[in-house]
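Residue strings, one per chain:
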Amino acid sequence: MTILTQSTTWQALAAHSQQIPHMRELFAGDPARFSNMSLSTCGLFLDYSKNRATPETLNLLLTLAQEAKLDAKIKAMFAGDIINTTEKRAVLHTALRSTAQQSIIAEGQDIVPEVQQTLNKMQQFVTSVTSGQWKGYTGKAITDIVSIGIGGSFLGPKIVSQALRPYWITGLNCHFVANVDGTSISEKLKLLDPETTLFIMSSKSFGTQETLTNTLTAKAWFLAKGGSQSDVAKHFVAVTSNVAKATDFGIDADNIFPMWDWVGGRYSLWSAIGLPIALLIGMDNFRSLLKGAHQMDTHFANAPLAENMPVIMGLFSLWYGNFFNAQSHVVLTYDHYLRGLPAYFQQLDMESNGKSVTLNGTHVDYSTGPVIWGGEGTNGQHAYHQLLHQGTALIPADFIMPLQSHNPIGEHHDQLASNCFGQTQALMQGRTLDEALAELSKSSLSDEEKLLIAKHKVMPGNKPSNTLLMDKLTPETLGALIALYEHRTFVQGAIWDINSFDQWGVELGKTLGNDVLARIGTEQDATALDASSNGLINLYRQGKI
Ligand SMILES: O=P(O)(O)OC[C@H]1O[C@](O)(CO)[C@@H](O)[C@@H]1O
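In every chain, residue numbers begin from 1 and rise along the written sequence. Given that the model is predicted, a residue must reach a pLDDT of at least 70 before its local features are reported, and side-chain atom pairs must reach 80 or more before they are shown or counted; all residues, however, enter totals for whole chains, interfaces and linings. As a rule here, side-chain values cover all heavy atoms of the structure and leave hydrogens and water aside.

Caption draft 1: The overall build of the protein chain, seen in detail. Counting its regular elements, the protein chain contains 21 helices and 13 strands. Scaling as 2.2 N^0.38, a compact globule of 545 residues should have a C-alpha radius of gyration of about 24 Å, and the protein chain matches this with 26 Å. Here the C-alpha coordinates of the protein chain stretch approximately 80 × 60 × 60 Å along the principal axes. Per-residue burial over the protein chain gives 53% buried out of 545 residues. Note on contacts: a residue pair qualifies if any of its non-hydrogen atoms lie within 4.5 Å across the two residues. Nonlocal contacts in the protein chain, meaning residues at least 24 apart in sequence, comprise 74% of its contacts between residues at least 6 apart. Residue-level accessible areas treat just the shown protein chains as cover; the underlying method is Shrake-Rupley with a 1.4 Å probe. Accessible surface, the protein chain: about 23,300 Å² in total, of which carbon and sulfur atoms supply 55%. The distance from the centre of the 39 positive side-chain charges to the centre of the 49 negative ones in the protein chain is 3 Å. Under the scheme used here, helices are H or I runs from DSSP no shorter than 4 residues and strands are E runs no shorter than 2 residues, and both carry numbers assigned from the N terminus. What the globule rule says is 2.2 Å times the number of residues to the power 0.38, and the radius of gyration is computed from C-alpha atoms. Note on classification: 1.4 Å probe, protein chains only; a residue is buried when its accessible area is under 20% of the maximum for its type, exposed when over 50%, partly exposed between these limits. The sign given to each residue is positive for Lys and Arg and negative for Asp and Glu; His and the chain ends receive no count. Charged groups are reduced to one reference atom each: NZ for lysine, CZ for arginine, CG for aspartic acid, CD for glutamic acid.

Next comes the structure, spelled out in structure tokens:
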């Protein structure tokens with residue numbers, strides 16, 4: 001057993017998990033439950049009263065956090081300590097949204113001046129492109145941006161741009177290319193004119209196959225459509241922490257926006273990786289996004305654990321994963337602009353906490369990161385909410401909704417809100433057999449049939465959910481919201497004593513993929529691998545089954 005599961009607090013939580021009354025009783029017994037179990041900060045309001053929790057539950061979970069030295073670990077991250085121990089790196093995405101007055105030391109150097117310098121370089125670039133001052137090779141202004149990147153170099157820019165659609169002010173169009181499937185870039189290039197298109201190649205490592213291949217294809221298209229090698233600098237810029245590789249690749253040194261090792265890809269939208277966002281919403285709005293996240297950083301770093309929103313959300317997720325065997329967590333965004341957020345949180349949380357050894361290499365004897373999934377409310381209600389309500393899997397849920405719509409039409413927003421709140425109520429309350437029978441009492445069914453149908457209509461309820469509200473979806477509230485989830489992920493990783501900031505597990509598939517690529521191109525049939533891989537490769541080489 002690991003230290004964590006041996007602890008008396010862990011044992012106490014395990015015992016306590018068997019004693020929690022149904023939430024119906026908890027609400028019936030405490031009219032002040034909502035006000036006692038809700039929190040407001042940074043323009044966000046969290047209702048966590050629909051959780052399987054009593055005051056003792058929170059005390060035990062907070063004790064677990066204290067025993068895991070969560071406070072000290074939070075301070076170590078903000079102080080620039082080398083907490084990404086396997087890659088020997090600091091974890092300072094928070095510095096990307098620091099104020100110019102701050103001083104943050106990483107590897108012996110104050111990094112704030114360089115962060116500010118890069119923001120100023122982004123400012124100049126955004127102004128130049130959006131004002132039409134930046135000209136393409138035929139002297140025309142840029143109309144279309146193509147952002148080429150994958151993972152953290154794609155999801156942040158894509159999903160935040162989508163979420164802040166009401167703030168698009170620059171008149172530019174932006175297209176995102178991630179997948180190496182040629183169809184993805186082909187479908188984009190079909191729409192574009194090389195004279196007015198600017199490509200942003202985003203890759204922290206500058207070594208990612210998909211991004212390199214897509215950028216080479218874009219360059220070939222540009223040259224085939226009339227551009228010359230000397231024109232490339234007018235149409236290709238890059239964001240990377242590997243400036244040397246970018247220049248070797250042919251990106252003009254002035255067109256390279258730096259990134260840093262102390263920023264993880266999945267935490268990088270706040271850096272120049274966010275350039276596509278800034279080109280759409282303008283730098284002022286981009287700085288508001290940073291400001292919102294900075295406010296959440298200040299809250300996370302300073303609020304007592306019991307009043308700390310990321311800590312509360314992190315502890316509840318851990319509670320269900322480790323003591324109720326919840327294997328997944330669903331994020332339901334009751335806002336069309338936020339429909340991509342679950343996908344963003346998938347990489348954030350699953351690439352961070354999808355680990356099974358502790359910092360000192362001991363194999364864990366407890367669950368770690370759950371599967372994160374989700375979608376847009378109310379669409380999900382007509383798709384997978386059936387399983388949330390009556391399935392056997394326990395799936396804690398987060399409901400996210402702005403109180404005010406950017407498009408207030410008739411009853412639409414009232415109906416959206418009523419569905420959001422109705423769903424959390426139904427998950428909590430459920431429907432008993434008696435209630436189901438009562439509903440069927442006036443039907444013409446026989447008593448036997450009524451009982452049978454009633455049994456199918458029973459809903460256990462007691463399904464946990466958090467509801468996160470904001471007045472309106474703005475760059476600032478979105479910044480705070482995403483930073484909230486970043487820190488929620490941190491809290492769980494810190495208590496599980498795992499490294500939330502490396503991702504060694506992604507390498508083997510890439511290495512074997514490159515080996516397969518080498519075999520696919522040869523004359524000989526593949527024979528050296530396992531029978532399945534040989535077989536699949538040879539079918540691919542034949543091009544037909
Ligand atoms: O920005 P890069 O270095 O191209 O990496 C893209 C993505 O690939 C990963 O390394 C996973 O393969 C992610 O962590 C990262 O966000």
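Still to come is the rest of the account.
Caption draft 2: Expanded view of the pattern of salt bridges. Salt bridge, as used here: a side-chain nitrogen of Lys or Arg that lies within 4 Å of a carboxyl oxygen of Asp or Glu. Inspection of every chain in the model, using the stated rule, returns 17 salt bridges. Residue Arg-24 is joined to Glu-435 by a salt bridge in which the shortest nitrogen-to-oxygen separation is 2.8 Å. In this pair, Arg-24 is assigned in helix α3 (residues 23-29) and Glu-435 in helix α17 (residues 433-440), connecting sequence segments 411 residues apart. Ionic pairing is found between Arg-97 and Glu-486, a salt bridge with its closest N-O pair at 2.8 Å. Taken together, the positions of Arg-97 in the loop between α6 (70-78) and β3 (105-106) and Glu-486 in helix α19 (residues 475-496) put the pair 389 residues apart, joining distant regions of the chain. Like Glu-486, Arg-97 is buried. Here the salt bridges share partners, and the residues they tie into one network are Glu-87, Arg-89 and Asp-261.

Caption draft 3: Main features of the packing of helix α5 (residues 55-67) against helix α13 (residues 309-323). Close contact between α5 and α13 brings their axes to 10 Å; oriented N to C, the two are set at 100°. On the basis of the axis angle, α5 is roughly perpendicular to α13. Touching Thr-57, Leu-58, Leu-61, Leu-62, Leu-64 and Ala-65 of α5 are Val-311, Ile-312, Leu-315, Phe-316, Leu-318 and Trp-319, all from α13. Taken together, the residues that form the contact of α5 with α13 break down as 11 nonpolar, 1 polar and no charged. To obtain each axis, a line is fitted to C-alpha atoms, and for helices this fit is confined to the stretch in contact; angles are then taken between N-to-C directions over 0 to 180 degrees. Angle categories are assigned with fixed cut-offs, so that under 35 degrees is roughly parallel, over 145 is roughly antiparallel, 65 to 115 is roughly perpendicular, and the rest are oblique. Residues are grouped as follows: Ala, Val, Leu, Ile, Met, Phe, Trp, Tyr, Cys and Pro are nonpolar; Asp, Glu, Lys and Arg are charged; all remaining types, including Gly, are polar.

Caption draft 4: Representation of the side chain of Asp-398 in the model. By the element assignment, Asp-398 lies in strand β12 (residues 397-402). Arg-488 provides the closest opposite charge to the buried, salt-bridge-free Asp-398, at an N-O distance of 4.2 Å. Each polar contact in these results corresponds to two N or O atoms within 3.5 Å; when the atoms are within protein, one needs to be able to donate a hydrogen and the other to accept it, and residues that are neighboring in sequence are counted only if both atoms are side-chain atoms. Only 3.0 Å separates the side chain of Asp-398 from the side chain of Asn-466, close enough to count as a polar contact. Not counting the four nearest positions on each side in its chain, Asp-398 is found in contact with Met-313, His-329, Val-330, Val-331, Leu-332, Asn-466, Tyr-485 and Arg-488.

Caption draft 5: Focus on the sheet that holds strand β8 (residues 236-240). Being paired, for any two strands, means DSSP has found at least two bridges between them. With parallel pairing, the 5 strands of this open sheet are ordered in space as β6-β5-β7-β8-β9. Two strands close off the open sheet at either side, each with one partner strand: β6 (173-177) and β9 (256-258). The mean angle between the axes of side-by-side strands here comes to 20°, regardless of whether they run parallel or antiparallel. Sitting on the sheet, helix α7 (residues 112-130) touches β5 (144-148), β7 (197-202), β8 and β9, and the angle it makes with β9 is about 145°.

Caption draft 6: Seen up close, the UniProt feature "active site" (unreviewed entry) in the protein chain. Mapped onto the present numbering, the UniProt feature "active site" (unreviewed entry) falls on Glu-351, His-382 and Lys-510. Annotated residues spanning 160 residues; largest pairwise C-alpha distance 37.1 Å, indicating distribution over more than one region. Structurally, His-382 is set in the loop between β11 (371-376) and α15 (385-390). In this structure His-382 comes out as exposed when scored by relative accessible area, which is 68%. UniProt positions are given in the numbering used here, feature names are shortened, and annotations may be inferred rather than shown by experiment.

Caption draft 7: Expanded view of the nonpolar core. We define a nonpolar core as any set of buried Ala, Val, Leu, Ile, Met, Phe, Trp, Tyr and Cys residues linked to one another through side-chain atoms lying within 4.5 Å. Counting 124 residues, the largest nonpolar core has Trp-262, Phe-286, Ile-400, Leu-478 and Leu-481 as its most contacted members. Broken down by element, this core gets its largest block of residues, 13 residues, from helix α12 (residues 275-302). Setting aside residues no more than four positions away along its own chain, Leu-478 makes contact with Val-160, Ala-163, Leu-164, Leu-289, Leu-338 and Leu-473. Ranked by size, the runner-up nonpolar core spans 20 residues in total, among them Val-177, Ile-185, Phe-199 and Ile-251.

Caption draft 8: Region of the structure containing the side chain of Gln-492. Assignment of secondary structure puts Gln-492 in helix α19. The exposure class of Gln-492 is buried, given its relative accessible area of 1%. In terms of polar contacts, Gln-492 uses its side chain to reach the side chain of Ser-317, at 3.0 Å. Other than its neighbours up to four places away in sequence, Gln-492 contacts Gly-314, Ser-317, Leu-318, Asp-349 and Asn-353.

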